[in-house]
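Structural overview for review
So you can see what is in the structure, the chains are spelled out below.
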Amino acid sequence: VKEVRVKRGNMQVLMEVVNQIGYRCLVEGVEASTIANVAGSTPPKMEFMGIENSHGMVLRHWRLNTVDMDDENADPTLRAMAEAGMVPNVIDYFDVDTDPREIFEPGQPYKIVMTSTVEGAKVYTEK
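Residues numbered from 1 in each chain as written. Predicted model: local features only at pLDDT ≥ 70, side-chain atom pairs only at ≥ 80, totals over all residues. Heavy atoms only, no water.

Counting its regular elements, the protein chain contains 2 helices and 8 strands. Beginning at the N terminus, the succession of helices and strands in the protein chain can be written as β-β-β-α-β-β-α-β-β-β. Contacts in the protein chain between residues at least 24 apart in sequence constitute 43% of all its contacts with a sequence separation of at least 6. With the model as given, the accessible surface of the protein chain reaches about 8300 Å², and the carbon-plus-sulfur share is 52%. (Helix = DSSP H or I, 4+ residues; strand = E, 2+ residues; numbered from the N terminus. Contact = heavy atoms within 4.5 Å. Areas by Shrake-Rupley, 256 points an atom, 1.4 Å probe, with all protein chains shown as cover.)

And the structure:
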């Protein structure tokens, strides 16, 4: 079991990682009740997808499935919107592992990509 902590400003994300799957993800600095309401009965888990190279940097790629389409206890409005492809149901999070130019620090968020797996959906956001 490894513990991963990403901290920026007054926000931090903590999680345990076992066999490339994140468990017990804790976000501090936002309302916990908001996360619980969106998650439904089963909190979402971040899964480690691997290492990627981008512009000479080594990035860690994590994936979060935000809406479990099979969870009958998930928020019905959010679930319906996800099933219709109106909101993203997958968030890909990339943080810096190594930056040879030393512009980014290890663990610093690099980008977030939000998409929908629903065929024909036009949901795509990159930050």
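On average, residues of the protein chain score 78 in pLDDT, and 75% of them reach the 70 mark or higher. Every residue in residues 30-35 scores below 50 in pLDDT, and together they form 3 contacts with partners more than four places removed in sequence or on other chains. (pLDDT = per-residue confidence, 0-100.)

Among the nonpolar cores identified, the biggest contains 8 residues, and these are Val6, Met15, Val17, Met46, Phe48, Trp62, Leu64 and Tyr93. Secondary-structure elements contributing two or more residues to this core are strand S2 (11-18), strand S4 (46-54) and strand S5 (57-65). Within the second largest apolar cluster, 5 residues are counted, among which are Leu59, Phe94, Val96 and Val113. (Core = buried A, V, L, I, M, F, W, Y, C linked by side-chain atoms within 4.5 Å. Buried < 20%, exposed > 50% of the residue type's maximum accessible area, 1.4 Å probe, protein only.)

With that out of the way, let us pick up the pairing of strand S7 (residues 109-115). Pairing analysis gives 6 bridges linking strand S6 (residues 90-98) to S7, with the strands arranged antiparallel. The residue of S7 that forms the bridge with Asp92 is Val113. (Pairing = 2+ DSSP bridges.)

Now for the packing of aromatic side chains. Within the structure shown, the criterion is met by 2 aromatic pairs. Ring centres 5.6 Å apart and planes at 80° place the aromatic pair Phe104 and Tyr110 in the edge-to-face group. The class of Phe104 is partly exposed, set by a relative accessible area of 24%. Positioned over the ring face of Phe94 is Lys111, at 5.0 Å from the centre of the ring. (Phe/Tyr/Trp six-rings, centres within 6.5 Å; stacked < 30°, edge-to-face > 60°. Lys NZ or Arg CZ within 6 Å of the ring centre and 35° of its normal.)

With that settled, the discussion passes to the pattern of salt bridges. Where charged atoms of side chains with opposite charge meet at close range, the side chains can pair. For the structure on display, the rule yields 4 salt bridges. Measuring nitrogen to oxygen at the nearest pair gives 3.6 Å for the salt bridge that ties Asp97 to Arg60. Here Asp97, found in strand S6, pairs with Arg60, found in strand S5; they are 37 residues apart in sequence, far enough to count as distant. Take Arg60: its relative accessible area is 22%, and that puts it in the partly exposed class. Through salt bridges that share partners, Arg60, Asp95 and Asp97 make up one connected network. (Salt bridge = Lys/Arg side-chain N within 4 Å of Asp/Glu carboxyl O.)

With that settled, consider the pairing of S4. Within a regular beta strand, the side chains point alternately toward one face of the sheet and then the other, so they alternate between its two faces. By the bridge criterion, 8 bridges tie S4 to S5 in an arrangement that is antiparallel. In the strand pairing of S5, Glu47 is matched with Arg63. In this structure, the hairpin formed by S4 and S5 is closed by a connection of 2 residues, where His55 is found at a positive phi of approximately 55°.

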